[in-house]
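# Analysis of the macromolecular model
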Amino acid sequence: MARGIVLVTELALWWGGLLVLWLMLIGPVEPLEWAVGGSAALLGAVAALGARRAVTDR
């Protein structure tokens with residue numbers, strides 16, 4: 001149970017950080033950019049989480 005909470009928390013932190021970075025780099029923010037940025041950030045967060053787990057969980 002605790003591992004699941006850590007996993008969700010880490011995923012949320014990656015997603016939030018990547019979304020903020022996306023929004024800072026594109027300038028004026030339209031609603032479509034929120035959706036695209038959120039989707040791209042989610043994909044990046046899943047990739048970052050998988051890469052970290054591949055290195056540390058041996």
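Please refer to the structure higher up on the page.
Residues numbered from 1 in each chain as written. Predicted model: local features only at pLDDT ≥ 70, side-chain atom pairs only at ≥ 80, totals over all residues. Heavy atoms only, no water.

This part covers the overall build of the chain. Secondary structure assignment for the chain yields two helices and zero strands. Expected size for 58 residues packed as a compact globule is a radius of gyration near 10 Å; at 13 Å, the chain overshoots this value by more than 25%. Seen along its three principal axes, the alpha-carbon backbone of the chain occupies a region of about 40 × 20 × 15 Å. A buried classification covers 16% of the 58 residues belonging to the chain. A fraction of 53% describes how many contacts in the chain between residues 6 or more apart in sequence connect residues 24 or more apart. Total accessible area on the chain is roughly 4,300 Å²; 77% of this is exposed by carbon and sulfur atoms. Positive and negative side-chain charges in the chain, numbering 4 and 4 respectively, have mean positions lying 20 Å apart. (Helix = DSSP H or I, 4+ residues; strand = E, 2+ residues; numbered from the N terminus. Rg over C-alpha atoms; globule rule 2.2 N^0.38 Å. Buried < 20%, exposed > 50% of the residue type's maximum accessible area, 1.4 Å probe, protein only. Contact = heavy atoms within 4.5 Å. Areas by Shrake-Rupley, 256 points an atom, 1.4 Å probe, with all protein chains shown as cover. Lys, Arg positive; Asp, Glu negative; His and termini not counted. Charge placed at Lys NZ, Arg CZ, Asp CG, Glu CD.)

Assignment of secondary structure puts glutamate 10 in helix H1 (residues 2–26). Among the residues examined, glutamate 10 registers a relative accessible area of 15% and is labelled buried. Of note is the side chain of glutamate 10, whose polar atom sits 2.6 Å from the side chain of arginine 52. Each residue touching glutamate 10, except ones within four places of it in the same chain, is listed here: Leu49 and Arg52. (Polar contact = N/O pair within 3.5 Å; in protein donor to acceptor, adjacent residues only side chain to side chain.)

As a further point, take the pattern of salt bridges. Pairing between side chains of opposite charge can happen when the charged atoms of each approach one another. Using the criterion set out here, one finds one salt bridge in the structure. Across the pair glutamate 10 and arginine 52 runs a salt bridge whose closest N-O atoms are separated by 2.6 Å. Taken together, the positions of glutamate 10 in helix H1 and arginine 52 in helix H2 (residues 31–56) put the pair 42 residues apart, joining distant regions of the chain. (Salt bridge = Lys/Arg side-chain N within 4 Å of Asp/Glu carboxyl O.)

Position of leucine 43 relative to the elements: it lies in helix H2. Taking the relative accessible area as the measure of exposure, leucine 43 reaches 64% and is therefore exposed. Sequence-wise, leucine 43 and glutamate 33 are 10 residues apart; in three dimensions their C-alpha atoms are separated by 15 Å.

A few words now on H2. A rise of 1.5 Å per residue sets the reference length of H2, with its 26 residues, at 38 Å; its end C-alpha atoms lie 37 Å apart and thus fit the reference within 8%. Next to the buried residues of H2 lie H1. (Expected span 1.5 Å × (residues − 1).)

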